[in-house]
Amino acid sequence: MTMDAEFYSRVAERFGGYFSDARSTDVFPDGRPDAVFDELVTALGAPQARLLDVGCADGRSLLRVSPAYGAATGIDLSPSMLECAARYRAEAGLEHVTFELCDAAHTGLPDGHADVVTSRRGPLIAREFERVLRPGGAVVYMGIGEQDARELKETFGRGQDFDSWNGRPLSEGIAQELSDAGFVVTKNQAFRFEEFYHSPGDLDTFLHQVPILENYDSTADREAFDRYVAAATVDQGVRLSRHWFIVQAQKPTAVEPSHS
């Protein structure tokens, strides 16, 4: 199991899935990225269409959009997350949805198997996505931007994609990777928003549930945590600035050979 899979398995075992029970008030001036993502994926659905969700975690996101599709499969490397996903699927009664333990780089699926491939803050394996998509199929990817939680990471001196804010925008790298694999990029949208945690304890809980800070430890990281809380506390709560993005791309339709 990879380190990422181990992290998400720990989260699933401790919290019962990939979600945060930390209390916060969120402000979305550019729109709520998860809602925009769901709208894009739902719009691509059809009664006979197949959806493949890569890095599905506890499956709740896939289950939300799955009614738009004839069949939907979620894959992940965390057995604990997939156990949560199976439980949520049973509760929802969505028999056309399946979950599998699978490596996104080597899905084993046939060429042209899926109509849509999604990855929500999960892996991007552009060449494999291109292979498993039918001609004309689409990929919708949600990623974490280079400015995400920058002040927090600077305070701790580490974090997910630390110091990437000084380089090329991460969304551009994703778009380029998809283009290099033969896709036509049709959307690249950034979302900047704010989360205000109701208490330092809520922020502490949240940091245990997400991979923003690798190996976050409430005791070992107390000094940096207290410094951040002191600097980021405003009337609304403890502020955390977020930066996500969505890239959508299409696999070109096969061109008929010329008989001239």
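This is a predicted model, so every value here is computed, not measured. (Residues numbered from 1 in each chain as written. Predicted model: local features only at pLDDT ≥ 70, side-chain atom pairs only at ≥ 80, totals over all residues. Heavy atoms only, no water.)

A. Spatial organisation of the pairing of strand 9 (residues 237–250). Counting buried residues along strand 9, twelve of its 14 residues qualify, which places the element largely inside the surrounding structure. Here strand 6 (residues 133–144) runs beside strand 9; their pairing, made up of seven bridges, is antiparallel. Residue pairing for strand 9: Val140 is matched across the bridge by Gln248. Bridge count between strand 7 (residues 184–197) and strand 9: 13 bridges; the pairing is antiparallel. The residue of strand 9 that forms the bridge with Glu195 is Leu240. Note that strand 8 (residues 233–234) and strand 9 share two bridges and pair antiparallel. Looking across to strand 9, one finds that Val234 is bridged to Gly237. (Buried < 20%, exposed > 50% of the residue type's maximum accessible area, 1.4 Å probe, protein only. Helix = DSSP H or I, 4+ residues; strand = E, 2+ residues; numbered from the N terminus. Pairing = 2+ DSSP bridges.)

B. Structural view of the side chain of Thr118. For Thr118, the location among the structural elements is in strand 5 (residues 114–120). Overall, the relative accessible area of 3% leaves Thr118 in the buried class. In terms of polar contacts, Thr118 uses its side chain to reach the side chain of Asp53, at 2.7 Å. Discounting residues that sit within four places of it in the chain, Thr118 has contacts with Phe37, Val41, Leu51, Leu52, Asp53, Val54 and Val140. (Polar contact = N/O pair within 3.5 Å; in protein donor to acceptor, adjacent residues only side chain to side chain. Contact = heavy atoms within 4.5 Å.)

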